[in-house]
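Structural characterization, general
So you can see what is in the structure, the chains are spelled out below.
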Amino acid sequence: MVGWGAPGDMTRGRPEVLAIFGPTGSGKTAVSEVVARALGTEIVSADALQVYRGLPVITNQSERLTRLVAIRDVSQEFSVGEYARLAHAEIDGLIGANGIAVVSGGTGLYLRAALVDLDLPPPGQGGARARWEAYYDRDPDVAHARLRALDPTAASRVHSNDRRRVVRALELIEQGTSLAPSRDRLWTADTRLPTTVVGLEVPRASLERRIRERTEEMLARGAVQEARRAVAGEISKTAERALGLRELVDLPLEQARERLIARTLRYAAYQRKWMRRIAGIVMIDADRPPDEVADAILEVARAR
């Protein structure tokens, strides 16, 4: 099959974007590759950490060509706003060339940013971030009280202990905008283009087994050495959030393994909650071989 050219019934009302979301360990990468190959197109990654070079094992980067993977050095910060701009360009380019784009990932905010024109706040200006960080560090409660006085809506959404978001909210209100957008498109069914979103459902026990197996595979492929290389030089706050990075450097191997598994399981639970909040998502049983899961996804796309 080449693109959407065959069979003919796939051309009626077809989506231009086929998005595949699922928790860590659900098999997104393998399934998405089968789907993209069947559709004659490529994958745009919606993963906040796969953008970094030098972390292919820890962030589970595919060996196959995937758009927006390994595009930044670990020393560079990266924002959802920058990602959205790049993702929209890649998606539009694939649709122009192949008629459809596959978007795949497990970072919920990045997935929505790829599919929607989110009302994203502007980047910080000058040294405002450092100034507000110092202000927060002097007294978090005072900082949150100031936010409450200046922007009550944003303050109601941010806990006083959340240093990063309190600082960001204060920075934004100083610029004349807000962390709380006038129209929240995060959980609506709005999309830039005709889109089908599928979610990969794997029972909790199977997901835990897969995560444990993948952790062992990561360690066998040199995850410890990769982590040490990454932190040996300058590393951004964004890249440093990669699951397992600090554990593999700072802890004995056995302790690091168990800590990584525990953190990954917690993150997968968070992803499952996010997945169920995506408007219009079609859930697919992913506790089976990738080819079978891909066939089920293609059937959903044909029916749209």
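As a reminder, the structure under discussion sits directly above these lines.
Presented here is a report on the structure given in the accompanying data block. What you are looking at is a predicted structure, and each value in this text was computed from that prediction instead of being measured.

Conventions we followed
Residues numbered from 1 in each chain as written. Predicted model: local features only at pLDDT ≥ 70, side-chain atom pairs only at ≥ 80, totals over all residues. Heavy atoms only, no water. Helix = DSSP H or I, 4+ residues; strand = E, 2+ residues; numbered from the N terminus. Rg over C-alpha atoms; globule rule 2.2 N^0.38 Å. Buried < 20%, exposed > 50% of the residue type's maximum accessible area, 1.4 Å probe, protein only. Areas by Shrake-Rupley, 256 points an atom, 1.4 Å probe, with all protein chains shown as cover. Lys, Arg positive; Asp, Glu negative; His and termini not counted. Charge placed at Lys NZ, Arg CZ, Asp CG, Glu CD. Polar contact = N/O pair within 3.5 Å; in protein donor to acceptor, adjacent residues only side chain to side chain. Contact = heavy atoms within 4.5 Å. Phe/Tyr/Trp six-rings, centres within 6.5 Å; stacked < 30°, edge-to-face > 60°. Lys NZ or Arg CZ within 6 Å of the ring centre and 35° of its normal. Pairing = 2+ DSSP bridges. Axes fitted to C-alpha atoms, helices over the stretch in contact; angles between N-to-C directions. Parallel < 35°, antiparallel > 145°, perpendicular 65-115°, else oblique. Left-handed = near helix turned anticlockwise from the far one by under 90°. Nonpolar A, V, L, I, M, F, W, Y, C, P; charged D, E, K, R; others polar. Right-handed = clockwise from strand over helix to strand, strands pointing away. Core = buried A, V, L, I, M, F, W, Y, C linked by side-chain atoms within 4.5 Å.

Each helix and strand counted, the protein chain has twelve helices and five strands in total. Taken over the C-alpha trace, the protein chain has a radius of gyration of 20 Å; the compact-globule value for 304 residues is 19 Å, and the two agree within 12%. Here the C-alpha coordinates of the protein chain stretch approximately 65 × 50 × 35 Å along the principal axes. The buried share of the protein chain, reckoned over its 304 residues, is 48%. When the accessible surface of the protein chain is summed, it comes to about 14500 Å², and 50% of that surface belongs to carbon and sulfur atoms. Taking the average place of the 45 positive charges on the side chains of the protein chain and the average place of its 41 negative ones, the gap between the two points comes to 2 Å.

The next thing to look at is the side chain of His144. Within the element layout of this structure, His144 appears in helix 5 (residues 140-150). Residue classification places His144 among the buried positions, given a relative accessible area of 10%. At 2.7 Å, the side chain of His144 and the backbone oxygen of Val158 are in polar contact. Setting aside chain neighbours within four positions, we find His144 in contact with Ala155, Val158, His159, Ser160 and Val166.

Once that is clear, we can look at the packing of aromatic side chains. Throughout the structure, instances matching the rule amount to five aromatic pairs. By the ring-pair criterion, three or more aromatic residues cluster together here, those being Phe78, Tyr83 and Tyr110. Geometry around Tyr135 places Arg146 over its ring, the cationic atom sitting 5.4 Å from the centre.

Okay, the sheet that holds strand 1 (residues 17-21) next. Pairing is parallel in the open sheet, where five strands are placed in the order 2-3-1-4-5. Among the strands making up the open sheet, the edge pair consists of strand 2 (43-45) and strand 5 (282-285). If you compare each strand with its neighbour and ignore which way they point, the axes differ by 25° on average. Alignment of strand 2 against strand 3 (residues 101-105), held across three bridges, turns out to be parallel. Along strand 3, the bridge assignment pairs Val44 with Val103. Its contacts with the sheet place helix 3 (residues 108-115) against strand 1, strand 3 and strand 4 (195-201), and it is angled at close to 175° to strand 1. Strands strand 1, strand 4 and strand 5 of the sheet are contacted by helix 11 (residues 253-276), whose axis makes an angle of about 140° with strand 4.

Quick look at the packing of helix 5 against helix 7 (residues 163-174) now. At a minimum axis separation of 10 Å, helix 5 and helix 7 run at an interaxial angle of 40°. Between helix 5 and helix 7, the crossing angle belongs to the class labelled oblique. By crossing handedness, the relation of helix 5 to helix 7 is classed as left-handed. Every residue of helix 7 that contacts helix 5 at Ala143, His144, Arg146, Leu147 and Leu150 is listed here: Val166, Ala169, Leu170 and Ile173. Classifying every residue of the contact of helix 5 with helix 7 gives seven nonpolar, one polar and one charged.

Turning to the pairing of strand 3, a few remarks are in order. Of all five residues in strand 3, five are buried, a share of seventy percent or more. The side-chain alternation of strand 3 yields two buried faces, one formed by Ala101, Val103 and Gly105 and the other by Val102 and Ser104. Both strand 1 and strand 3 contribute to a ladder of five bridges, which runs parallel. Considered in strand 3, the bridge of Val17 is made with Ala101. Read as a crossover between parallel neighbours, the route from strand 2 over helix 2 (residues 80-98) to strand 3 is right-handed.

Tyr83, Val103 and Leu245 are the most contacted members of the largest nonpolar core, which totals 51 residues. Looking at this core, the elements with two or more residues in it are strand 1, helix 2, strand 3, helix 3, helix 8 (204-220), helix 9 (223-232), helix 10 (245-250) and helix 11. Among the elements that make up this core, the one with the highest residue count is helix 2 (eight residues). With sequence-adjacent residues up to four places away left out, Tyr83 is seen in contact with Val44, Ser45, Ala46, Leu68, Phe78, Tyr110, Ala113 and Ala114. Counting 27 residues, the second-largest nonpolar core is a separate cluster that includes Leu18, Ile100, Val198 and Leu207.

This part is about the packing of helix 4 (residues 128-138) against helix 7. Packed helix pairs are characterised by how far apart their axes lie and by the angle those axes make with each other. Look at helix 4 against helix 7: their axes get within 9 Å of each other, and the N-to-C directions meet at 125°. With respect to each other, helix 4 and helix 7 are oriented oblique. As helix 4 runs across helix 7, the sense of the crossing is right-handed. Taking contact as the criterion, the partners of Ala128, Arg129, Arg131, Trp132, Glu133, Tyr135, Tyr136 and Asp137 in helix 4 are, on helix 7, Arg163, Val166, Val167, Arg168, Leu170, Glu171 and Glu174. Class assignment for the residues of the contact of helix 4 with helix 7 results in seven nonpolar, no polar and eight charged.

So yeah, pure geometry; function would need other evidence.
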